[in-house]
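Coordinate inspection notes
Here is what each chain is made of, one letter per residue.
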Amino acid sequence: AQKVTQAQTEISVVEKEDVTLDCVYETRDTTYYLFWYKQPPSGELVFLIRRNSFDEQNEISGRYSWNFQKSTSSFNFTITASQVVDSAVYFCALNAGGTSYGKLTFGQGTILTVHP
Amino acid sequence: DSGVTQTPKHLITATGQRVTLRCSPRSGDLSVYWYQQSLDQGLQFLIQYYNGEERAKGNILERFSAQQFPDLHSELNLSSLELGDSALYFCASSGLAGGRTDTQYFGPGTRLTVL
């Protein structure tokens, strides 16, 4: 069975602070994909990134960066110089395939509040 | 805008009633997924269709059913509604084989309130 744990329920920071959102996953599959989604106050789910289990290179996209470490089953997300517009709920998700095909298993989400 | 559309945006109904939620995938996408987001259960996968055929099933209640039509739009039918069915229902779509390699793009959701 697949499981995703986001231990931080809520994080509060002041604008321009860096913040890291943790994600730990469990799966017995050797091939799997990891995702991060953002859910702003308006409610939609916005795709941020997808990584496969064979690519452990860190990725940077503007103020966003992701650190994938297979050894610790973690896929952490860092926002550098946070802004008020980053306030949202962030979800980490796992797709390990098999007979579950496209099923995404989500973590419980981390509520990020960035204060001006 | 992900390109996935869902109607209606909001739905208020009474216990025991039946409702239908509609989803149109992004142009060219063959797979459609349904998820339920509630405060106590979080985001839960319900069901996946690929090119009209059911491909994967999650913890979908027997009172719930879905289908994907030849034009690839999908409907989620919820019947004998209970208070606990109140939730945000998302549809997502993806373009490849409907497997783990796909990125799923989500619609804006339908907020269902059962009174």
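Right above here is the structure, for reference.
A few points on the structure. Predicted, not measured: the structure shown is a model, and the values here were computed from it.

In this section: the pairing of strand β5 (residues 42-50) of chain B. Two faces, one strand: in a regular strand the side chains alternate between the faces of the sheet. Residues and elements named next belong to chain B. Of all nine residues in β5, seven are buried; the element is thus mostly enclosed. Relative to β5, strand β4 (residues 31-38) runs antiparallel, the two being bridged by eight bridges. Each residue of the ladder has a partner; that of W34, found in β5, is I47. A loop of three residues connects β4 with β5, the two strands running antiparallel in sequence. Both β5 and strand β6 (residues 53-57) contribute to a ladder of four bridges, which runs antiparallel. Looking across to β6, one finds that Q48 is bridged to A56. Between β5 and β6, which follow one another and run antiparallel, lie two residues, and N51 among them has a positive phi close to 50°.

Residues and elements named next belong to chain A. Relative to the helices and strands, K38 resides in strand β5 (residues 33-39). This buried residue, K38, is left without a salt bridge; D86 holds the nearest opposite charge, at 4.6 Å. Within the structure, the side chain of K38 is placed 3.2 Å from the backbone oxygen of V85, a separation counted as a polar contact.

The next subject is the sheet that holds strand β1 (residues 5-7) of chain B. Residues and elements named next belong to chain B. In space, the four strands of this open sheet follow the order β1-β3-β8-β7, with antiparallel pairing throughout. The sheet is open, and its two borders are formed by β1 and β7 (64-68), each paired with just one other strand. Shown here is a sheet whose adjacent strand axes are inclined to one another by a mean of 15°, direction ignored. For strand β3 (residues 19-24) and strand β8 (residues 74-78), the ladder comprises five bridges, and the chain directions are antiparallel. When the bridges of β8 are listed, C23 appears paired with S74.

This next bit is on unusual backbone geometry. Cis rather than trans, the peptide bond between T7 of chain B and P8 of chain B has omega equal to -10°. By the secondary structure assignment, P8 of chain B is in the loop between β1 and β2 (10-13). Positive phi outside glycine occurs at K16 of chain A, with the angle close to 80°. For K16 of chain A, the location among the structural elements is in the loop between β2 (10-14) and β3 (19-21). With phi around 50°, S73 of chain A is a residue other than glycine that occupies positive phi space. Note on placement: S73 of chain A falls in the loop between β8 (64-69) and β9 (74-79). Here S73 of chain A falls in the partly exposed class, since its relative accessible area comes to 23%.

What follows concerns the environment of V19 of chain B. Residues and elements named next belong to chain B. Structurally, V19 is set in strand β3. In this structure, the C-alpha to C-alpha distance between V19 and S80, residues 61 residues apart in sequence, is 9.1 Å. When neighbours within four sequence positions are excluded, V19 is seen to be in contact with L11, T13, L76, N77, L78, L81 and L112.

Another point: the packing of aromatic side chains. Under the defined criterion, the tally for this structure stands at 20 aromatic pairs over all chains. An angle of 50° between the planes, with centres 5.9 Å apart, marks the rings of Y37 of chain A and F106 of chain A as tilted. Separated by 69 residues along the polypeptide, Y37 of chain A in strand β5 and F106 of chain A in strand β11 (residues 105-106) bring together distant segments of the chain. Note on Y37 of chain A: relative accessible area 0%, which makes it buried. When the centroid spacing of 6.0 Å and the interplanar angle of 85° are considered together, the rings of Y64 of chain A and W66 of chain A count as edge-to-face. A residue is classified by how much of its surface remains accessible, and W66 of chain A, at 4% relative accessible area, is buried. An aromatic cluster is defined as three or more aromatic residues linked by ring pairs; in this entry it consists of F35, Y37, F47, F91 and F106 of chain A together with Y35, F45, F90, Y105 and F106 of chain B. Stacked on the ring of Y50 of chain B, the Lys or Arg R55 of chain B has its end atom at 4.4 Å from the ring centre.

Rules used throughout
Residues numbered from 1 in each chain as written. Chains lettered and ligands numbered in written order. Predicted model: local features only at pLDDT ≥ 70, side-chain atom pairs only at ≥ 80, totals over all residues. Heavy atoms only, no water. Buried < 20%, exposed > 50% of the residue type's maximum accessible area, 1.4 Å probe, protein only. Helix = DSSP H or I, 4+ residues; strand = E, 2+ residues; numbered from the N terminus. Pairing = 2+ DSSP bridges. Lys, Arg positive; Asp, Glu negative; His and termini not counted. Salt bridge = Lys/Arg side-chain N within 4 Å of Asp/Glu carboxyl O. Polar contact = N/O pair within 3.5 Å; in protein donor to acceptor, adjacent residues only side chain to side chain. Axes fitted to C-alpha atoms, helices over the stretch in contact; angles between N-to-C directions. Contact = heavy atoms within 4.5 Å. Phe/Tyr/Trp six-rings, centres within 6.5 Å; stacked < 30°, edge-to-face > 60°. Lys NZ or Arg CZ within 6 Å of the ring centre and 35° of its normal.

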